[in-house]
Each structure stands twice: as structure tokens, then as C-alpha cells.
Amino acid sequence: MRKVAVIGAGMTKFMHRALETPKELAWLAAKPALDSAEMKLNQIDCVVVGSAPDAFDGLHMKGEYLSDGCGAWKKPYLRCYVGGGTGVYAVAQAWFHVASGLFDTALVICEEKMSSCLPHPQAAFLTIFDHITEQPLKPNLLWIFALEQNRYMQTYGIALKDIAAVSVKNKRNALDHPAAQLGAKLTVEDVLASEIMAWPVHRLMVSPTSDGAAAVVLAEEETARRISDTPVWIQGVGWCLDTTYWTNRDLAYPEYVEKAAWMAYRMAGIREPRKEINIAEPYDPFAYKELHHLEGLQLAPKGQAPKLLADGVFDRDGDLPVTPSGGLLGVGNPIAAAGLMKICELFWQLRGEAGKRQVPGKAERGVAQAWGDLMQVGTVVVMGTREPV
Amino acid sequence: MSDRVAIIGIGFTSLQPSTPHASFKELMFEAAQKAYHDAGVEPSEIDSFVTCAEDLNEGLSIFDEYTPDQLGAVQKPMHTLTQDGLHGIADALMQIRSGIAELVVVEAHSKASNIKTPEWLLDYALDPLYNRPLGFNPHALAGLEMNVFLHETGISAEQCAQVAVKNRTNALRNPIAAYPLALTPMYVESSPYVSYPLREAEIAERADGCAVVVLANEKRAHRAQSKPAWVHGVGFANDSATLESRDWVRAEYVRIAAERAYRQAAIQNPRAIHLFEVDDTYAYKELQHLIALGLYSEPAEAGRSVEAGETKPDGKMPVNVSGGVLGMGLPLEASGLYRIVEIVLQLRGQAGMRQLPNARIGLAQSWRGVPTTSGAVVILGAE
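Residues numbered from 1 in each chain as written. Chains lettered and ligands numbered in written order. Predicted model: local features only at pLDDT ≥ 70, side-chain atom pairs only at ≥ 80, totals over all residues. Heavy atoms only, no water.

Engineer: Go over the overall build of chain B with me, naming the residues and quoting the values.
Structural biologist: Counting its secondary structure elements, chain B contains 14 helices and eleven strands. Against the 2.2 N^0.38 benchmark of 21 Å for 383 residues, chain B shows a C-alpha radius of gyration of 19 Å, consistent with a compact globule. Residue pairs at least 24 apart in sequence account for 76% of intrachain contacts in chain B once pairs closer than 6 positions are excluded. Of the roughly 12600 Å² of accessible surface on chain B, 53% is carried by carbon and sulfur atoms. In chain B, which carries 32 positive and 46 negative side-chain charges, the distance between the mean positions of the two groups comes to 5 Å. (Helix = DSSP H or I, 4+ residues; strand = E, 2+ residues; numbered from the N terminus. Rg over C-alpha atoms; globule rule 2.2 N^0.38 Å. Contact = heavy atoms within 4.5 Å. Areas by Shrake-Rupley, 256 points an atom, 1.4 Å probe, with all protein chains shown as cover. Lys, Arg positive; Asp, Glu negative; His and termini not counted. Charge placed at Lys NZ, Arg CZ, Asp CG, Glu CD.)

Shown next, in the form of C-alpha cells:
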């Protein structure tokens, strides 16, 4: 197993309606990533792209369409996805491209353009459901997340205001992110006063739909050291897919996230995640999901994440800064790109380049996580300033 | 390669024009069960899974959602690749060589008979701004490409027709082929033009089916129940997705992919390979791909070679003994895995009526169809 590091990162602004085509968005993220590594495209051995449903862009074989915009002209090229978990998974995919010894460098790009799906991309999500048993019920994402949030609240006796506090924190953090779509200074009361989308989910507990792209450059040890003084090492990767039949699962706790996390932690030699991880970027498309995922990531005991949040543990200057970027709630949610944005954030935080968002102290290790499919997949990447074991 | 990887199990359904008796999940279950049985593994031992699928072909978004249960992959690593099955083989190989998995399963399938308007669907693969508004049938791209290919290489339309004759005849000896037919060059040459100079009989018809392949690292492969087929080399590449800037004569994606695969397999002269299973979605494509694989000193030789019967099963360089996709049917993303299935059967000596003598190294190559320039190459060996 070769050691692999992230040596460059870049992203576009996340916004409601980008004027660029999907190819252009991909390149607008790839270019700054290459520039930050001081590399040219001809130094890249392979390109890995993550992009979730083709239905948003109204494109068939979206990966093929994106390929030249991603700089994959005459290069080995793969497009992978696991729904919303894609952004973090794509880094795992590129990690084994390089770790296997087949390639020395990899460019990872995640792109999503949701605004071309009119009148609202929510309609495209209907096609993720089973066409016989579920689609006739006309479900949408708000609907199933309301079920899951309710189950989570009921199981552990969590109050709605504790969940609203996630929106307040993340949207506040996003005010410091130059690429953010929805940074805001809010109170818990503001969140609870916003429209109820599907009880108990309020509008301000939901991430927006966005257009955007993010990119990172990966390299094996020797190349990484030659090119960068401060490579950020990939210490562990993990991913796990649960059964299709989400209705048969206890929605109170994401077991698949736990399994993915332990796969990554074992690789990283982490035994006590709560003590050995300095920053977390869990997936937060809905406010409760951040708490839910922190528990799956073993960073809070089951049902206890809301209390730790209320105690300020997860604030940017807290004991365990969580989503210092502003997350999907604040920066925006162009599905696959949102997950890779979290990897970019860890890269900048661990190099001390996160500007106004920089967490205090000297963070040595962070974890990024994404989630997707039918409340079904967990993807986890552990990154750190120390070489992998 | 240093860390050796082998295919230790294959499972597949027969290819059929339609499969009203089975859902895609049932096709997958059948193929997976056969593959696990062939390899002598329990699904619980498998470390990681890959599914090769395209959302719009499935009629479902985020296809990996619908894979774990029938593959025995619940709460295991699994992801989708929107590529051909051969890319899936490369993906599995990389997972094994990186050390995170010992046993990896690659699945690809086709339920093409569910697609009511396949050409319309392909329309959505065209650039939405520059190409789609022109409103042409995507087969026209193959017609255009064939025209410039014939013009530049000096290969004749009659020679392309010979490919269709050879492959559909070969399929007569393949019990899982969907479109075997003893046909004459006359039949092909009198079929109507779909897009000049491409004729209807030179276009592969779609078929339903599923193939599952089990890959293992060296240690695990030695314990396998079946005879392992070793992966000597893999390569994959894209040319330009943009119609206006690609190479229309040469299959650059194959040349680049093959270069990598040959290097890994330490093959100086590709003619040393005993059998080839290459993409023949359109008859001329077989010739274009063989040229890109570096098998001829000049392009025109590809035409003469098929005419002389060199690529027939009893020729010097057998190509598509299985019948190719012209004879077996085009199972969308599973096309590459059916090429792998044929090579593994040949290497094991289990190819029945179409068994070649001395088949010890075989090459599989795939292309993702119009309008893509995406292809992969995998070289397998018995030792």
C-alpha cells in the first residue's frame, strides 16, 4: 500500500443558478486545484469524477459528457458515484487508483448542476425511489428525512430547538466562506419560525439546491514530497452500503456510517476517535443529519450529539470543531461537490490556510463524511498532517 | 505486475432479446450465485463490490441503491461506476492492489428490453447546446465515423461486412448468444443503410443479461476452487467527449488503454496474444479497434486480414470467437464482462464447441458506444 497525499484543492462558488455549463464548472474547480499544487494538467496521470444523478442535468452518460471539461482528454478516466456520498467517496476511489501503484497522481473532480432541472430538482429525486413500491406514493426527500428526523428525536428525546442550533452554527460559519451560498446570522427562534416543509423539518433546517464544483489533486509519497512542503495525508478511507429496503431499517442510528467509519479508522490506526480526531466535517444536508452522523462517526455517544452541540463543543473554537466550513446548510449543496468541498476544507484547515475559518490550535487530523442513496450509504475519509501508519 | 490479481469466478445468464420472466434483481441474483459457486466463495467473505451501470439505462437514479440485497452486499463497500464492465475489472484490481480488499466482485447487467426508445435516450448523451438541437439519430455518428474511417484507411465496406458475417456465424457455437445466424456477405450488403455507409446488419442489437466476476489477490486465488485467470494488464482511457475535437479515424482511447496494458503485461508484440475479444458494436469498429491495438503494420491490413479469414476461429489471430456483440447481443455496460467471460472459459478449456487449442493469453477490449470515446483493455493469462 503506497502512501497518498492531497496536495491541492479548489472549488467554484456554490450558487443557485450558475451561467456556466457543467463542463465549465468542472474546469473552474480543477484549475485552482492544479494551481494550488503548482501543477499542470500533463502531470496528472488519471482523472476521477464524482457526480450523482444524471437526471439533474438531463444528460445521459453524464460522466462521458464531463470528461473533457475535467481535463481527461486522452487520459484514464472513471466516473464513480454513491448518491450523496459521492463527494467523499470519489477521494477514496482516487486514493486506491494511486495506492495501487497504477498511477502516481490523480485529479478528483466533483460537479453538480441542479438548476437545469426545472421547476425544481426535487422532481428528479422521485426517480431514486423504487418504481413499483415507492414511486406511486410520490415521495420526496423532505418526506423521508422528516420520517428519519422524527425517529431520531423520538428515540432519544431530542427537542426541535436542539436541532435548529445546527443551522444556526453552520450558517454562521459559512459567513466566513468566500464560496458560500447561504451564510447567515440567525437565532434558534428564526429557524423555528421558518416554514414547516414536512413536520418536523423547517425550511431553515434544509440545505439549498446548488450549482458548483470542487476538486483536489492526489499524489503518491515521492511526488507529494517533491511538489509540496505541506502535503495532507490520506490516512484512512471507508465506505459502506446498506440494504435497499430502507423501510426495514431502524432510522434512529446510521449503522452504515459506523461501519464505514471503522473501516477508515482501522486503516488510520485510530482506536478512540473522540480523542484522536481534531476536526470533523460530517454531512449536513439537513440539520439533524449532522448530529446523526457525528454519532455514527463515533464522535458522540448515541443520542448525545445535541447536548455536546449545546455545550459549545462543536463550535469553531470548541473542543471538537464540527463543520467549520459552514457545511451544506451554509456553503450550499451541489450534491457530489458538497462532499468534496468538505475534503477541501480539511485540506485548508490542516495546512492552516483556512483564513477566517481557521480553527484555533494546531489541528493534526480531521474526518470528512458524506451520506446518500436511500438513507443507505456512508463514506468516510480521514486526513492528517502525519504520514499514514 | 508485482501484486498479482486473478479472476477466480464467473457467473452469467444467457443473453436474450428480452427477459420478461425476470427482473434485473433476479438476473443479478442468478449471475451472482453462479459466480460465487464457481469461485467457491461465500458472499460474506467478499470485501468489496462494484456495479457498472448508467442511471438512464436503468430508469432509476443512483443505481447502486438497488444492488446490495441480491448480491449479498448489504453493509459492505459498494459503489457505482458509470462505465463498462472492463473499467469495473480495473477498479477491482486497484482495490485489491491497494491492500484494502482481498476479494472483490464486479457486476454489470443489461435490461435493455425495458428501454422503449433507446435512440431517444442516446440523444440525451449528446451535448445539449451544440449537438442535441440538430435532432439526429445517434447511429448517424457511427455512419459519419465509418465513412471517414473507410476513406482514410482504404478499407472497403465489403470487408466490414465480413466482420458481421464472421461474428454472427461464430455465435452459432455459443449457447448463450442471442443473435446467432449463418449469414452471407450478400445478406449484409443487401440490408438497408441506417446511415451511409453503415448498414442495418452491421449494427449490434441489444440484449438482456447479467455477468458477475469475482477477483482475488494472489494468496486467495491459490485457494480458489476453479482455475484462476490471471490479470496481466489493464488500461482504460477517454479521447475527447466533444464531437468536434475528437479523432474520427483512430480509436485513440484503445491505443492509450492498450499501451498501458501491454506495458504491465510486458507484451512487446501483441500478435503473441492467442485470442481477442474486441468491441464490434458496429462491424467497422472491430477493424478500427484491432488497428488501435497495434496488430497491423498499416491500417488497410485490417481489412485484408478479415477477408483472408485470419481472424476466424481457425485463423492465425482469432477475434470474437464468442460471436462478439454482433452475435451475442449488446448487453450495454455488461458488454465488457461478457468478453471477459469468453476469455476465462477459453483459458480454462471450458469453451465447448468453440474451444481454441492453446489459448493461454487473451485480450478483452470494450467501447461504450456512440457518442462516447471511452474504452478499456484487459489482458488475461492462464499462468
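Engineer: Describe the overall build of chain A, and please don't skip the residues or the numbers.
Structural biologist: When its secondary structure is counted, chain A shows 14 helices and eleven strands. Over its C-alpha atoms chain A spans a radius of gyration of 19 Å, differing by no more than 12% from the 21 Å that the globule rule assigns to 389 residues. Counting only C-alpha atoms and orienting by the principal axes, one finds that chain A spans roughly 50 × 45 × 35 Å. Within chain A, residue pairs in contact and separated by at least 24 positions form 76% of the contacts whose partners lie at least 6 positions apart. Taken as a whole, chain A presents about 12600 Å² of accessible surface, with 53% of it coming from carbon and sulfur.

Engineer: Account for the packing of helix α6 (residues 160-174) of chain A against helix α11 (residues 287-296) of chain A, with residues named and values stated.
Structural biologist: All names here are of chain A. Relative orientation of the contacting elements α6 and α11 amounts to 100°, with a least axis distance of 7 Å. Taken together, α6 and α11 sit at an angle that is classed as roughly perpendicular. Mapping the contact onto sequence places D162, I163, V166, S167, K169 and N170 in α6 and A287, Y288, E290 and L291 in α11. Its residues assigned to classes, the contact of α6 with α11 shows five nonpolar, two polar and three charged. (Axes fitted to C-alpha atoms, helices over the stretch in contact; angles between N-to-C directions. Parallel < 35°, antiparallel > 145°, perpendicular 65-115°, else oblique. Nonpolar A, V, L, I, M, F, W, Y, C, P; charged D, E, K, R; others polar.)

Engineer: Explain the domain arrangement of chain B residue by residue, including any values.
Structural biologist: Residues and elements named next belong to chain B. Taken domain by domain, chain B consists of domain 1 (5-116 + 208-229) and domain 2 (137-205 + 230-381). One C-alpha centre belongs to domain 1, the other to domain 2; they are set 23 Å apart. Contact with domain 1, which involves 46 residues of that partner, is made by 36 residues of domain 2. Of the roughly 3200 Å² buried where domain 1 meets domain 2, counting both sides, 72% is carbon and sulfur surface. Close ionic contact of D38 with R348 constitutes a salt bridge, the shortest N to O distance being 2.9 Å. Class assignment for the residues of the side of domain 1 that touches domain 2 results in 26 nonpolar, 14 polar and six charged. (Domains from an automatic or database assignment. Buried area = accessible area lost by both parts, 1.4 Å probe. Salt bridge = Lys/Arg side-chain N within 4 Å of Asp/Glu carboxyl O.)

Engineer: Before we move on, can you summarise the pairing of strand β4 (residues 103-110) of chain B with the specific residues and values?
Structural biologist: With eight of its eight residues buried, β4 of chain B lies for the most part within the structure. Because side chains alternate across β4 of chain B, one face comprises the buried residues L103, V105, E107 and H109 of chain B, and the other comprises V104, V106, A108 and S110 of chain B, equally buried. (Buried < 20%, exposed > 50% of the residue type's maximum accessible area, 1.4 Å probe, protein only.)

Engineer: Which residues make up the packing of aromatic side chains, and what values do they have?
Structural biologist: Residues and elements named next belong to chain B. Going through the model one piece at a time under the given rule, you end up with 15 aromatic pairs over all chains. On the basis of an interplanar angle of 55° and a centroid distance of 5.3 Å, the ring pair of F24 and F63 is categorised as tilted. Of this pair, F24 sits in helix α1 (residues 24-39) while F63 sits in the loop between α2 (55-58) and α3 (68-71); the two residues are 39 residues apart in sequence, bridging distant segments of the chain. By relative accessible area, which is 12% here, F24 ends up buried. Residue class for F63 comes out buried when judged on its relative accessible area of 0%. (Phe/Tyr/Trp six-rings, centres within 6.5 Å; stacked < 30°, edge-to-face > 60°.)

Engineer: Which residues make up the pattern of salt bridges, and what are the values?
Structural biologist: Side chains carrying opposite charge are able to pair once their charged atoms draw close together. Residues and elements named next belong to chain A. All chains considered together, the criterion is met by 47 salt bridges over all chains. In this structure, D242 and R249 form a salt bridge, with 3.4 Å as the shortest nitrogen-oxygen distance. Accessibility expressed as a relative area gives 14% for R249, which makes it buried. Close ionic contact of D311 with K307 constitutes a salt bridge, the shortest N to O distance being 3.0 Å. Classification of D311 as partly exposed rests on a relative accessible area of 49%. Several salt bridges converge on common partners, so that one network encompasses K3, E221, R225 and E387.

Engineer: With reference to specific residues and values, describe helix α10 (residues 252-265) of chain B.
Structural biologist: Residue and element names in this part refer to chain B. Over its 14 residues, α10 runs 20 Å from end to end, which matches the ideal 20 Å to within 8%, given 1.5 Å per residue. Burial runs high along α10: eleven of the 14 residues are buried. Buried positions along α10 lie against β8 (229-238), α11 (283-292), β10 (361-367) and β11 (374-381). Residue A266 follows α10 closely and has a positive phi angle near 55°. (Expected span 1.5 Å × (residues − 1).)

Engineer: Explain the interface of chain B and chain A to me, and be specific about the residues and the numbers.
Structural biologist: Every contact between the two is made by 66 residues of chain B and, on the other side, 60 residues of chain A. For the chain B face of the interface with chain A, the top three residues by lost area are Q75, M94 and N238 of chain B, together amounting to 13%. The interface formed by chain B and chain A holds two salt bridges in total. Put simply, chain B and chain A have 36 residue pairs in polar contact (both at pLDDT 80 or more) between them. When contributions to the side of chain B that touches chain A are tallied by element, the ones reaching two or more residues are α2, α3, β3 (78-81), α4 (85-97), α5 (118-123), β8 and α10 of chain B. In terms of residue class, the side of chain B that touches chain A is made up of 30 nonpolar, 20 polar and 16 charged. As defined by bridge partners, strand β3 (residues 77-81) of chain A adjoins β3 of chain B across two bridges and the pair is classed as antiparallel. In the sheet register, Y81 of chain A faces β3 of chain B, and the bridge partner there is T80 of chain B. (Polar contact = N/O pair within 3.5 Å; in protein donor to acceptor, adjacent residues only side chain to side chain. Pairing = 2+ DSSP bridges.)

Engineer: How would you summarise the packing of helix α7 (residues 157-170) of chain B against α11 of chain B if you had to cite specific residues and measurements?
Structural biologist: All names here are of chain B. Two elements in contact, α7 and α11, have axes separated by 7 Å at closest approach and are oriented at 100°. With respect to their mutual orientation, α7 and α11 come out roughly perpendicular. Facing Q159, C160, V163, A164, K166 and N167 of α7, the residues of α11 in contact are A283, Y284, E286 and L287. Here the contact of α7 with α11 is composed, by residue class, of six nonpolar, two polar and two charged.

Engineer: Explain helix α6 (residues 139-153) of chain B to me, using residue names and the numbers behind them.
Structural biologist: Taking 1.5 Å per residue, 15 residues should reach 21 Å; α6 of chain B reaches 21 Å between its end C-alpha atoms and fits that length. G154 of chain B sits one or two positions beyond α6 of chain B and adopts a positive phi of about 80°.

Engineer: Give a detailed account of the nonpolar core, specifying residues and quantitative values.
Structural biologist: Core analysis: the largest hydrophobic core is formed by 208 residues, its most contacted members being I7 and Y36 of chain B. Here the element with the most residues in this core is helix α14 (residues 335-351) of chain A; it accounts for twelve residues. Each of domain 1 (5-116 + 208-229) and domain 2 (137-205 + 230-381) of chain B accounts for three or more of the residues forming this core. Ignoring anything within four residues of it in the chain, the contact list for Y36 of chain B reads V41, P43, I46, F49, L71, V105, V212 and V214 of chain B. Counting 56 residues, the second-largest nonpolar core is a separate cluster that includes M61 of chain A together with A125, L198 and Y253 of chain B. (Core = buried A, V, L, I, M, F, W, Y, C linked by side-chain atoms within 4.5 Å.)

Engineer: So what's going on with the side chain of H293 of chain A? Residues and values would help.
Structural biologist: Residue and element names in this part refer to chain A. Counting through the fold element by element, H293 comes out in helix α11. H293 gets classed as buried once you look at its relative accessible area, which sits at 0%. Only 3.5 Å separates the side chain of H293 from the side chain of Q369, close enough to count as a polar contact. If near-sequence neighbours (up to four positions away) are discounted, H293 is found in contact with V257, P282, Y283, Q369 and W371.

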